[in-house]
Number of protein chains: 2
Amino acid sequence: MAFPCVDQLEQRTQKLLQSFDGGPEPSYSNPISGYSLYQHNEPFLLDHGGILPKFEIAYESWGELNADKSNVILLHTGLSASSHAKSHPANIAPGWWEKFIGPGLAIDTNRFHVICTNVIGGCYGSTGPSSIDPKDNKPYATRFPIITIFDMVRAQFEMLSSMGIQKLHASVGASMGGMQSLAAALLFKERVGKVISISAAARSHPYSIALRFTQRQVLMADPNWNKGFYYDKVPPHSGMKLAREIATISYRSGPEWEQRFGRKRAQPSTTPSLCADFLIETYLDHQGERFCLQYDPNSLLYVSKAMDMFDLSASTSAETAIRRARNTLRLQEGKGSSAPENAATPPEEQVAACVTATPAAELKAKEELQDDPKAQLNDLKQGLSTVKDIPTLVLGIQSDILFPVWQQKEVADCLRETGNKSVTYYELDSMYGHDAFLLEVVNVGSAVKGHLELKE
Amino acid sequence: MAFPCVDQLEQRTQKLLQSFDGGPEPSYSNPISGYSLYQHNEPFLLDHGGILPKFEIAYESWGELNADKSNVILLHTGLSASSHAKSHPANIAPGWWEKFIGPGLAIDTNRFHVICTNVIGGCYGSTGPSSIDPKDNKPYATRFPIITIFDMVRAQFEMLSSMGIQKLHASVGASMGGMQSLAAALLFKERVGKVISISAAARSHPYSIALRFTQRQVLMADPNWNKGFYYDKVPPHSGMKLAREIATISYRSGPEWEQRFGRKRAQPSTTPSLCADFLIETYLDHQGERFCLQYDPNSLLYVSKAMDMFDLSASTSAETAIRRARNTLRLQEGKGSSAPENAATPPEEQVAACVTATPAAELKAKEELQDDPKAQLNDLKQGLSTVKDIPTLVLGIQSDILFPVWQQKEVADCLRETGNKSVTYYELDSMYGHDAFLLEVVNVGSAVKGHLELKE
């Protein structure tokens, strides 16, 4: 029996090995161009105690900024997207929300100034694991610190502040972007006018954690991953391909595949084989092939982990706030005494000591809370009560298996029950599953437009 | 950052390497004992043109066979199960349906003689890829021919015939076993008294094909898989572990995990890590660990592929029948002329020529059919019309994502519409997803008992 799918992996390894002969190292941001860079030259303390001595954010924008800078929409991306949401003269390639942004469209560039960023942790121009650690001028790789969705948003708001943008007209996003959109309202309630959260959640569900866990495991099992240190070697393209195939199952849904592929085989006249055979299999294979060298594997690990940890419950926010305060203090102490002035990154042990300093009593209280679903829901409500004065659109897709619609309903219900009088909740019957936010230009677009433009 | 999950894989490789030093080759059927063997010493032609020169079936049985051999229940297994459905003196370990089989239980051993087999293609005693090819006394590995669910059932009925069992009281199974249960009724309608099909389907859905495809891909990408030839080497334990983690997601469901694991972390006082961290992750890791050396990787490939190809539509059955007739003829010709008398396995090219002999016109008709969902459903109804005189219980689980409940409803509806007057259809609201058939002793058990014992 022939195994072209296995041969293909080996052939790519060989090809990649050849391309390293004297050639430049691969850069994941190569295919992305025409973005601007925000440079943050101060140390940035992360929620789990890590520190970025400095960071950069790649961003793109569309539409004119008005005189009082009050027409800004911050658009958050999904896990692996770049800041290129829409084509523009410096990069004419279609963006990932091409048909949603423009004059008269869902996000009307005649009215709004739209800013989209690549998240920190990513690989399309913003600081992430593939960026150079100033400590030794080598890529961070897995020396990059653990980041959270809150960290991504706090970094974005540093950028907004530097631009003199005090308050957003709206914080908008889908999937991980919908998490960020809600997180922005929680962290900076005075600076967010409206919120749109599409196909997202207020806390990650174990089923979606499981799906991302298998992707990470598959990637890390690729010998080329090499514990994250592959930047001058053959990258784990095989692991990335497999991770993308698993991800694609969670991004699209059964109903669409039933219509599009059914039980058709790619080459019906041949004997069935163990490599891709049915059309659905060649589709998954194709998605894996397209992605395997397009996104930094370490970024996938860090950013997907940030999604897993996402939880807007009051107790989690409180824990984070305490940890942040303790670490800030510790750092300031460190700066004032033993650590040299320019040692922006403190010794790892020191940070670890801060992070693990959650008292046993607090942990026990948390555990008890976790055994009581009702108390948990109240905890979430309390967490979301910060957003009670911000008009919010929550939109879910009934065929979404990654962020099931009950998670969007949970957000809407919690917001309403905490007294938010302006919550709009829509469910779409789209057959596209989680990816509907990229495809349902009319159904999703109208909801976005309506929410952004309605006077309240 | 530490990566114990990656180190663990490497450590197992080293340990396995050491165990090969002079020791015997690993045998997957080692942990299974106390089964009987049916030996079939004639060549057995498979649906896709392959030939097994001979085969064995491992089986176990419970309850007394009555005088006229009319009280037999053939119990079919899921993908990776052995014939050990229930403990007995020769193997006291609990079986996979321990609480469903016994005096007064769902399958009452005071009334029935239950036979459970390991499927061909498996690795628990029946002939499969890890068995010895008599041609060269080496394991078949991926020289093993492609098999179908129909092939498994035809082999089982050869065994029943040899035992003098003409007609089953019932054909019973869940998951892949539910496919076999239906297939038995289609192939041998005169020999099946009743049918029970739990959490199965009449044809595989592209979403379930996708889930099994990623498992195969992950396994085949493990360098230790070595295109299937690993029997005297370190087996692809890493690929198997990952495949099992993915499978586990589809076997269990969100609702159970929400209750059981929620967002709890294994070690809440530590910094989050990229290896298993949340309880749901340690659970998946544990499932992968348990399975990775327990089942033959090549069996996973062949048996899961057989599930993907499963389709009870009339057109598919007709195609198979034509192919079978052509190949039988060709074989007989080969035997009578050039091929030596003892060459039970014909040259591969010859078989390939038979298999690919589906005329272009037939393929075109099939393709047109596949573009018309209504015609497809009629095709399925026609296929199932063979079963119209056999009382059938179809049972589905509402939280099953691998075999969604609409697939069970489809089977029941088709059977009813073809004139079957004795179709029982139940939906269970169990939170256990696909695995409910192993866990819901009362809910599933009562339905099984009622159907088996009701006089009609």
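Given the structure is predicted, the values throughout are model-derived calculations rather than measurements.

Q: What is the right way to look at the overall build of chain A in this model?
A: When helices and strands are tallied, chain A shows 15 helices and 14 strands. In terms of overall dimensions, chain A has a C-alpha envelope of 65 × 55 × 50 Å along the principal axes. Here chain A, with 456 residues, has 60% of them falling under the buried criterion. By sequence separation, contacts in chain A at least 24 residues apart represent 74% of the contacts at least 6 residues apart. Positive and negative side-chain charges in chain A, numbering 44 and 51 respectively, have mean positions lying 3 Å apart.

Q: Sorry if this is basic, but what is going on with the relation of the copies chain A and chain B here?
A: Between the two copies of this chain, the relationship is a rotation about some axis together with a displacement along it. Superposition of chain A onto chain B requires a rotation of 180° combined with a translation of 0.0 Å along the rotation axis, giving an RMSD of 0.0 Å. Taken together, the rotation and translation describe the operation of a two-fold axis. No C-alpha of chain A lies nearer the rotation axis than that of A:Val218, which sits 3.6 Å from it. Looking at the interface residues of chain A, 100% of them are also at the interface in chain B, so both copies use one shared face.

Q: Help me understand the sheet that holds strand E1 (residues 36-40) of chain B in this model?
A: In a beta sheet, neighbouring strands pair by backbone hydrogen bonds and run either parallel or antiparallel. Residues and elements named next belong to chain B. The eight strands lie next to each other as E1-E4-E8-E5-E11-E12-E13-E14, forming an open sheet whose pairing is mixed. Here the strands that pair on one side only, and so sit at the sheet edges, are E1 and strand E14 (423-428). Averaged over all pairs of adjacent strands, the angle between their axes in this sheet comes to 20°, without regard to strand direction. Taken together, the five bridges between E1 and strand E4 (residues 55-62) define a ladder with antiparallel strand orientation. If you follow Tyr38 over to E4, its bridge partner there is Ile57. Contacts from helix H2 (residues 149-162) reach E1, E4, strand E5 (72-76) and strand E8 (113-117), with the element oriented near 65° to E4. Helix H3 (residues 176-187) rests against E5, strand E11 (170-174) and strand E12 (195-198) of the sheet, and its axis sits at about 155° to E11.

Q: So what exactly am I meant to see when it comes to the interface of chain A and chain B here?
A: Where the parts come together, the accessible area they lose is often given as the size of the interface. Across the boundary between the two partners, chain A contributes 69 residues, which contact 69 residues of chain B. Of the roughly 6,200 Å² buried between chain A and chain B, counting both surfaces, carbon and sulfur atoms make up 69%. In terms of surface lost to chain B, no three residues of chain A exceed A:Phe213, A:Arg263 and A:Leu274, which account for 12% of the buried area on that side. Inspection of the region where chain A meets chain B yields ten salt bridges. Note that A:Lys227 and B:Asp7 form a salt bridge whose closest N and O atoms lie 2.5 Å from each other. Between the two partners, chain A and chain B, sit 19 residue pairs in polar contact (both at pLDDT 80 or more). By residue number, the principal contributor to the side of chain A that touches chain B is helix H4 (residues 206-221) of chain A, which donates twelve residues. Taken together, the residues of the side of chain A that touches chain B sort by class into 38 nonpolar, 15 polar and 16 charged.

Q: I would appreciate a short explanation of the domain arrangement of chain A in the present structure.
A: Residue and element names in this part refer to chain A. Its domain assignment divides chain A into domain 1 (4-29 + 209-306) and domain 2 (36-203 + 369-453). Computed over C-alpha atoms, the centres of domain 1 and domain 2 are 26 Å apart. Contact with domain 1, which involves 30 residues of that partner, is made by 33 residues of domain 2. The three residues of domain 1 that bury the most area against domain 2 are Tyr251, Tyr302 and Val303, which together make up 26% of that side's buried surface. One can count one salt bridge joining domain 1 with domain 2. As a salt-bridge pair, Arg252 and Asp435 come within 3.1 Å of each other at their nearest N and O atoms.

Q: Could you clarify how one ought to interpret the packing of aromatic side chains in this entry?
A: To describe a pair of aromatic rings, you give the distance between the ring centres and the angle between the ring planes. Scanning the entire structure with this criterion turns up 28 aromatic pairs over all chains. Between B:Trp97 and B:Phe100, the aromatic rings sit 4.3 Å apart at their centres with planes inclined by 10°, giving stacked as the arrangement. You can call B:Trp97 buried: its relative accessible area is 2%. You can call B:Phe100 buried: its relative accessible area is 1%. Cluster of aromatic residues (ring-pair linked, three or more members): A:Tyr207, B:Trp257, B:Phe261 and B:Tyr283. Here the basic side chain of A:Arg244 rests over the ring of A:Phe291, its NZ or CZ set 3.8 Å away from the ring centre. Note that B:Arg191 overlies the ring of B:Phe188, its terminal NZ or CZ placed 5.8 Å from the centroid.

Q: What is the right way to read the sheet that holds strand E4 (residues 55-62) of chain A from this model?
A: Residues and elements named next belong to chain A. Pairing is mixed across the open sheet formed by eight strands, whose spatial order is E1-E4-E8-E5-E11-E12-E13-E14. Of all strands in the sheet, those bounded by a partner on one side alone are strand E1 (36-40) and strand E14 (423-428). Each adjacent strand pair in this sheet contributes to an overall mean axis angle of 20°, direction not counted. Where E4 lies against strand E8 (residues 113-117), four bridges are found, and the strand directions are antiparallel. What sits directly across from Trp62, in E8, is Val114. Contacts from helix H2 (residues 149-162) reach E1, E4, strand E5 (72-76), E8, strand E11 (168-174) and strand E12 (192-198) within the one sheet, and its direction differs from that of E4 by about 65°.

Q: Quick question: what am I supposed to make of H2(A) here?
A: For an α-helix, the turn length of 3.6 residues means that residues three or four places apart are oriented alike. Residue and element names in this part refer to chain A. Taking 1.5 Å per residue as the helical rise, H2 with its 14 residues ought to reach 20 Å, and the 20 Å between its terminal C-alpha atoms agrees with that figure. Most of H2 is tucked away: eleven of the 14 residues are buried. Within the sequence span of H2, burial applies to Ile149, Phe150, Asp151, Met152, Val153, Arg154, Ala155, Gln156, Phe157, Met159 and Leu160. For H2, the N-terminal capping position is held by Thr148, with its side-chain oxygen 3.3 Å away from the main-chain nitrogen of Phe150. Directly beyond the C-terminal end of H2, a positive phi value near 75° is found at Gly164.

Q: Explain helix H7 (residues 279-291) of chain A here, please?
A: The terminal C-alpha atoms of H7(A), which comprises 13 residues, lie 19 Å apart, in line with the 18 Å expected from a rise of 1.5 Å per residue. Buried within H7(A) are the following residues: A:Ile280, A:Glu281, A:Tyr283, A:Leu284, A:Asp285, A:Gln287, A:Gly288 and A:Phe291. The inward-facing, buried residues of H7(A) contact helix H1 (4-19), helix H5 (237-251) and helix H6 (254-260) of chain A together with helix H4 (206-220) and helix H8 (297-309) of chain B.

Q: Mind showing me how you'd approach the state of the cysteines here?
A: When the sulfur atoms of two cysteines share a covalent bond, that bond is a disulfide. All names here are of chain A. If you walk through the whole model with that rule in mind, you get two disulfides over all chains. A disulfide bridge connects Cys5 with Cys275, and the sulfur atoms are separated by 1.9 Å. Note on the Cys5 and Cys275 pair: the S-S dihedral is about -65°, so by sign convention the disulfide is left-handed. With Cys5 in helix H1 and Cys275 in the loop between H6 and H7, this residue pair connects regions lying 270 residues apart in the sequence. The pair Cys5 / Cys275 is uniform in exposure class, with both members buried. A disulfide-free cysteine, Cys116 has its sulfur positioned 14 Å from the sulfur of Cys123, the nearest such atom.

Q: Would you take a moment to explain the side chain of B:Asp400 for this structure?
A: Residue and element names in this part refer to chain B. With respect to the secondary-structure elements, Asp400 resides in the loop between strand E13 (392-397) and helix H13 (405-417). Among the polar contacts made by the side chain of Asp400, one reaches the main-chain amide nitrogen of Phe403 at a distance of 3.0 Å. Those residues in contact with Asp400 that lie beyond four places of it in its chain are Ser199, Val405, Gly433 and His434.

Q: Can you help me understand the pattern of salt bridges in this one?
A: Opposite charge on two side chains permits them to pair, given that their charged atoms come into close proximity. Residues and elements named next belong to chain A. Tallied over the entire structure, the rule returns 58 salt bridges over all chains. A salt bridge links Lys86 to Glu98; the shortest N-O distance between them is 3.7 Å. Remark: Glu98 occurs in the loop between E5 and strand E6 (101-102) and Lys86 occurs in the loop between E5 and E6; sequence separation between them is twelve residues. Here Glu256 makes a salt bridge to Arg252, at a shortest N to O gap of 3.1 Å. Assessed through its relative accessible area of 4%, Glu256 is described here as buried. Accessibility expressed as a relative area gives 13% for Arg252, which makes it buried.

Conventions we followed
- Within any chain, residue numbers begin from 1 and follow the written order of that chain's sequence.
- The lettering of chains begins at A and the numbering of ligands begins at 1, in the order of writing.
- Reporting of local features is limited, given that this is a predicted model, to residues whose pLDDT is at least 70; pairs of side-chain atoms are given and counted only at 80 or more, and all residues count toward the totals for whole chains, interfaces and linings.
- With hydrogens and water set aside, each side-chain value is computed from the structure's full complement of heavy atoms.
- We count a stretch as a helix when DSSP gives it H or I for four or more residues in a row; a strand needs E for two or more, and each element gets its number in order from the N terminus.
- Classification of residues uses two cut-offs on accessible area relative to the type maximum, computed with a 1.4 Å probe and protein chains only: under 20% is buried, over 50% is exposed, and between them is partly exposed.
- Here, residues are in contact when the closest pair of their heavy atoms is within 4.5 Å.
- Positive charges are assigned to Lys and Arg, negative charges to Asp and Glu, while His and the chain termini are left out of the count.
- Note on charges: their place is set at NZ of Lys, CZ of Arg, CG of Asp or CD of Glu.
- Least-squares fitting of one copy onto the other uses the C-alpha atoms of those residues that reach a pLDDT of at least 70 in both copies.
- We treat two strands as partners when DSSP finds at least two bridges between them.
- For every element, the axis is a line fit to its C-alpha atoms; helices are fit only across the contacting stretch, and the angle between N-to-C directions ranges from 0 to 180 degrees.
- Here the quantity called buried area is the accessible surface, traced with a 1.4 Å probe, that two parts lose on coming together, added over both.
- By salt bridge we mean one thing: a side-chain nitrogen of Lys or Arg within 4 Å of a carboxyl oxygen of Asp or Glu.
- Under the rule applied, a polar contact is a pair of N or O atoms within 3.5 Å (in protein, one hydrogen donor and one hydrogen acceptor; residues adjacent in sequence only if both atoms are side-chain atoms).
- Classification convention: Asp, Glu, Lys, Arg as charged; Ala, Val, Leu, Ile, Met, Phe, Trp, Tyr, Cys, Pro as nonpolar; all other residues, Gly among them, as polar.
- An automatic or database domain assignment is the source of the domain bounds shown.
- Any two rings among Phe, Tyr and Trp, with Trp reduced to its six-membered ring, count as a pair given centres within 6.5 Å; such a pair is stacked if its planes are under 30 degrees apart, edge-to-face if over 60, and tilted if neither.
- The rule is short: NZ of Lys or CZ of Arg within 6 Å of the ring centre and within 35 degrees of the ring normal puts a charge over the ring.
- In this scheme, a helix's expected span is set at 1.5 Å multiplied by one less than its residue total.
- Note that a disulfide, as used here, is simply two cysteine sulfur atoms within 2.5 Å.

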